[in-house]
Each structure stands twice: as C-alpha cells, then as structure tokens.
Amino acid sequence: MPRRGHLGEFEHLVILALLRLGHRAYGVTVRREIARRVGREVSIGAIYATLERLESKGYVKSALGEATPERGGRSKRFFRITAKGMSALEETHRALARMTRGLALIRSFS
Amino acid sequence: MAPAPPVRPPRLASWLVGLFAAGERAASIEGDLLEEFSELVSRSGVGPARRWYWRQSVKTAAALAGCGFRAAPWSTLAVALAGYLLFAAAASLPERVTVAVLQAGWHDVTPYYTWRQAQNYLFWLNNGVWIGRLLLPLLVGCAVAAVAKGRELATTLALCAVNGVATGLEILLLSAGHAPEYPFFLPLLLVQFANSVLMVTGGVITREIRSIRPRRVARG
C-alpha cells in the first residue's frame, strides 16, 4: 500500500503520461501513451479508475472538452496535474532515487 | 453512391459498461471506447474491432466494479451483509406465503378434497414455493442495489461474494457433521449459484430503472 503522498506503480505511470501529454491528456491518449512507452495494454476502465482515484486525492483535475462525431457526440474528459499532484510525483521520485542510489541496477538485472 | 452507414460497436458490450458507470463518467468512457473502435474499424476491419471492443468492455466493467467497491469498501460490505441477513431471515417466506395464500383460497365448506382439488392444491403448492424461491433473491438484489445508489452492481456483486462465503462455510459445517460422501453438496452449490445470478439480476434491474430517467433527460 503506497504511503500517503506517494504514488502507486500504476498511478505513477498515469501521472507521467499526463505530464507528457499536457493539454491533450484524456482516456484514449493516456492509454496509448502507456501502451507505446511501457508496452502495457490496459483498459480504459483501469485508466479511469486510477484517474478518478487521483482526482479524489486532489492530484489531478478534470474538465469536459468538445464532443466529436467519432465519439458518438460524447465529450472528452481532459485531465491535468495539480500542484499537489506534482508534489506527490516529486516525492515519489525522491523516494525512488534514495532507494536506487548506489545500486548498479542494469548490471544486477542483466 | 450513398456512404456506408457507420459501424456500431456491440450493443451488449456497451450496455455492460453502462451498468458500471453513470452520467458524465459513462459518457466519457463510452466516447473513448467508441473513438478507438472507429479507428480500429478503418485500420483493421470490423471483426478485430468488435473483438477489441468486447475485451475492453469486459476489462473496463471489471475495473469499474473494483473501483466502485474501493470507493466505499465498508459501506458496500455493510449493505451486502445486511442484504445477506435479510435473505437468510426470509428464507422460509416463500413456503409460508404460498401455504397461507393456498389456505385462504382453498378453505372448503366440506372437510374433503376431490382428487382434482388435491391435484390443483399440490400443483400450486409446489410451483408457488418455486416461484417464491426465485423471487426472493431477485427482490433482495433489488433492495440492496436500491440502498447502494451509484454502486448498484458493485454492491450486488459483494452480496454474491458474501453468499458464496456463507455457502462455503455451510458446506464445511455439513461435511464436518456428515460422512464425506454426503450427497447434497452439488444441489446446494447449484441453488446458491442460481441465487447469486438472481441477486445480480435484481441489481441490474434496479440500475436500469435508475438510468431510464437520466437517459430521457439527455434525449430532451
């Protein structure tokens, strides 16, 4: 269980995807970004479940965008990271850096 | 030449996702699925796109069910437990109601039954009890889903899990008290499986009734 202020593994991936995508971050693009960069095929439901959890923690904010015909007239829901989310991301990275400092990770796993 | 009509995703799969999400959330998820489905249709064809849509819908429904449970685990579990206790307390209700109804309808002036009357009595006694036994888990599922507004399916699935655990305990107790070749485990498992299916059906009915009004509002 991640400690308060730290991100879980999938939360971490989703937040990094939001950071990379900027203002283009919504369900489809986040899913594709993770699939493209990590090679992990996840469902839209898993993305939304994580984004809503992050939103309830105050790490992410969402807003409805435009509706398009290829979406059957349904709106996109865009997500962006909040300042609190950025702090949590930085804290997670600091914790990872402390844990990995001095370890020759690439060599030990090869 | 008129353009080909747009290919629609499998309706049953869309309905499945709609059971676990409501309002704006459902619209965003369905829109995302439809957007990727349309792209897949033009890139890979209808068959692979439909298969992808089905896979995504099942995974999405499972993720949203888990999300619904994690959003309020204790209240979901409490409602599911209360539902199970209600179900257990009302277990003999179908027999009692059927007998009471038959007694009320068959109070003959003569103390004797004709052969035909006896046949009718037994027919309704037997079938009335079965109908009652089918209705009871359905109604408990409806009641549990009605209490758990917004998490209808997650809560009825939790109710099924509680029912499954209780069945497991019952089997353990029975096998401790009887010989290992005790022959009633399979019927017991089948009955409890049917009960679970009916409880979830009750949850689906409540969820569908609740979603009718927002759909009408959305259509204007």
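Preceding this section is the structure that the text describes.
## Some points on the overall build of chain B
Regarding its fold elements, chain B presents eight helices and zero strands. Secondary structure elements in chain B, listed N-terminal to C-terminal, are α-α-α-α-α-α-α-α. Per-residue burial for chain B yields a buried fraction of 39% across its 220 residues. Counting only carbon and sulfur atoms, one obtains 70% of the accessible surface of chain B, whose full area is about 13,300 Å².

## Structural notes on the pattern of salt bridges
One pass over the structure, following the stated rule, counts 20 salt bridges over all chains. For Glu152(B), the salt bridge is made with Arg210(B), and the minimal N-O distance between the two is 2.7 Å. On the criterion of sequence distance, the pair formed by Glu152(B) in helix α7 (residues 152–177) and Arg210(B) in helix α8 (residues 185–219) is long-range, its members being 58 residues apart. Note on Glu152(B): relative accessible area 3%, which makes it buried. Relative accessible area serves as the criterion here: at 26%, Arg210(B) is assigned to the partly exposed category. Salt bridges sharing partners connect three or more residues here, namely Arg31(A), Arg32(A), Glu41(A), Glu36(B) and Glu39(B).

## Some points on the packing of aromatic side chains
Tallying each qualifying case throughout the model produces four aromatic pairs over all chains. Centroid distance Tyr26(A) to Phe78(A): 5.4 Å. Interplanar angle 70°. Geometry classified as edge-to-face. Linking Tyr26(A) in the loop between α1 (9–21) and α2 (27–38) with Phe78(A) in strand β2 (residues 75–81), this pair joins segments that are 52 residues apart in sequence. Where Phe37(B) meets Tyr53(B), the ring centres are 5.4 Å apart and the plane angle is 75°; that geometry is what we call edge-to-face. With Phe37(B) in helix α2 (residues 23–44) and Tyr53(B) in helix α3 (residues 46–71), this pair connects stretches of sequence that are 16 residues apart.

## Focus on the packing of α3(B) against helix α4 (residues 73–89) of chain B
Residues and elements named next belong to chain B. Where α3 meets α4, the axes come as close as 5 Å, and the angle between the chain directions of the two elements is 95°. Between α3 and α4, the interaxial angle falls into the category roughly perpendicular. Counting all contacts with α3, which are made through Gly68, Phe69, Arg70 and Ala71, the residues of α4 involved are Pro73, Thr76 and Leu77. Grouping the constituent residues of the contact of α3 with α4 by class yields four nonpolar, two polar and one charged.

Cut-offs and rules
Residues numbered from 1 in each chain as written. Chains lettered and ligands numbered in written order. Predicted model: local features only at pLDDT ≥ 70, side-chain atom pairs only at ≥ 80, totals over all residues. Heavy atoms only, no water. Helix = DSSP H or I, 4+ residues; strand = E, 2+ residues; numbered from the N terminus. Buried < 20%, exposed > 50% of the residue type's maximum accessible area, 1.4 Å probe, protein only. Areas by Shrake-Rupley, 256 points an atom, 1.4 Å probe, with all protein chains shown as cover. Salt bridge = Lys/Arg side-chain N within 4 Å of Asp/Glu carboxyl O. Phe/Tyr/Trp six-rings, centres within 6.5 Å; stacked < 30°, edge-to-face > 60°. Axes fitted to C-alpha atoms, helices over the stretch in contact; angles between N-to-C directions. Parallel < 35°, antiparallel > 145°, perpendicular 65-115°, else oblique. Contact = heavy atoms within 4.5 Å. Nonpolar A, V, L, I, M, F, W, Y, C, P; charged D, E, K, R; others polar.

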